[in-house]
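Results of the structural survey
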Amino acid sequence: MEIQSIGPNSHQKLPYHLFQGTNTKAPILVIYHGWAGSTVGYYDLAEELQELGYTVVLPDIVHHDSRGTIENYFDVSTRQHMFWGTVFQTIDEFDMLIADLKVNKKDVLVIGSSMGGFIANSIFAKNAEIQGLVNVNGSGAFVITDDFFRKTDGRGELSGKERAVLETYDPICYAYSGKPVLLMHGDSDQTNDISGQYAYYAYCSSPDVTFDIYNEVDHQFTVDMVDGLKSWLSENFN
């Protein structure tokens, strides 16, 4: 397994930032950030994981970083109209990213925080070869989480057409591959309700799926969560 290029790659079809590790037997960690986040915000985590030997890839997500920005990510109308489209496009681009990296899906483990957790969970569900998944404060049950978003915003229920689109990407609409999964969520998350993680955990119903809930934690990727991620990787892939 060999990755050709090192460092930020703006010349690729899909720009990404690559931190080359030394352990060629460890999975390549592809990490997706959250809505309104940035790849730069994950440099510290990528460097910590690189020091442990892992190769880490931070893709630039559409409407973020080098791929354009949105004036106000937290405008309610903007979020309602662009959040799911951003998630879906990033999921659809995974095959292109793998081609750009010149690696096999079986060599990859996907990680995501917040919106990135949605993305990583769906990619994992749709690609049975992938080695594992870490979902931090995201969701593995898109229809359930969209219902939470709609109730929070005071909107009506999904139309049949909208539901059909969501189910095309919804992880619980795909057979669980049996690969290791780590779900992490703050029990006081006000931004993204924990119910989507509970639903995916119940759906998989496997000892290979770990669900760690962090007390009195809001929508944050805390130091304790990073430590939990490192421990889980060490236990499952070293």
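Described below are features of the structure shown in this document. Along each chain, the written sequence defines residue order, and numbers are assigned to residues from 1. Reporting in this predicted model follows two pLDDT cut-offs: at least 70 for local features of residues, and 80 or more for side-chain atom pairs to be given and counted; totals over whole chains, interfaces and linings ignore these cut-offs and use all residues. Heavy atoms from the whole structure form the basis of all side-chain values; hydrogens and water molecules are not counted.

1. Side note on the nonpolar core
For clarity, the threshold we go by: To define a nonpolar core, start from buried Ala, Val, Leu, Ile, Met, Phe, Trp, Tyr and Cys residues and group those joined through side-chain atoms within 4.5 Å. Burial classes follow relative accessibility: with a 1.4 Å probe on protein chains only, a residue under 20% of its type's maximum area counts as buried, one over 50% as exposed, and anything between as partly exposed. For the purposes of this entry, the term helix denotes a DSSP run of H or I that reaches at least four residues, the term strand denotes a run of E that reaches at least two, and both are numbered from the N terminus. Two residues qualify as a contact provided that any one of their heavy atoms is within 4.5 Å of a heavy atom in the partner residue.
Residues Tyr 32, Trp 84, Val 87 and Val 110 are the most contacted members of the largest nonpolar core, which totals 46 residues. It is helix H4 (residues 115–126) that provides the largest number of residues to this core, a total of six residues. Excluding residues that lie within four positions of it along the chain, Trp 84 makes contacts with Phe 118, Phe 142, Asp 146, Phe 149 and Leu 166. In this structure, Val 134, Leu 182, Val 217 and Phe 237 belong to the second largest nonpolar core, which totals 25 residues.

2. Some details on the side chain of Asp 60
Where we set the bar: We call two N or O atoms a polar contact when they sit within 3.5 Å, provided that within protein one can donate a hydrogen and the other can accept it, with sequence-adjacent residues counted only if both atoms are side-chain atoms.
Position of Asp 60 among the secondary structure elements: in the loop between strand S4 (56–59) and helix H2 (76–92). Looking at Asp 60, its side chain comes within polar contact range of the side chain of Thr 39, at 3.3 Å. Leave out the neighbours within four places in its chain, and Asp 60 touches Pro 15, Tyr 16, His 17, Thr 39, Asp 65, Ser 66 and Arg 67.

3. Some points on unusual backbone geometry
One non-glycine residue with positive phi stands out, namely Asn 137, at about 55°. Residues other than glycine seldom take positive phi values, yet Ser 205 does so here, at roughly 45°. You can see Ser 205 is positioned in the loop between helix H7 (195–204) and strand S8 (209–214). For Ser 205, a relative accessible area of 61% translates into the label exposed.

4. Some remarks on the environment of Pro 15
Along the chain, Pro 15 falls in the loop between strand S1 (7–9) and strand S2 (16–19). On the basis of relative accessibility, which here comes to 12%, the residue Pro 15 falls in the buried class. It is 6.2 Å that separates the C-alpha atoms of Pro 15 and Pro 59, two residues lying 44 residues apart in sequence.

5. Things to note about the pairing of strand S6 (residues 132–136)
Selection rule: Pairing between strands is defined by DSSP: at least two bridges between them are needed. A clockwise course of the path from the first strand over the helix to the second, judged with the strands pointing away from the viewer, identifies a crossover as right-handed.
In terms of burial, S6 is largely enclosed, as five of its five residues are buried. Going residue by residue along S6, you find Gly 132, Val 134 and Val 136 tucked away on one face and Leu 133 and Asn 135 tucked away on the opposite face as well. Sheet topology places strand S5 (residues 108–113) next to S6; five bridges connect them, and they run parallel. Bridge pairing links Val 110 to Leu 133 in S6. On the question of chirality, the crossover connecting S5 to the parallel S6 by way of H4 is right-handed. As paired elements, S6 and strand S7 (residues 181–186) share four bridges and run parallel to each other.

Keep in mind these values describe shape, not function.
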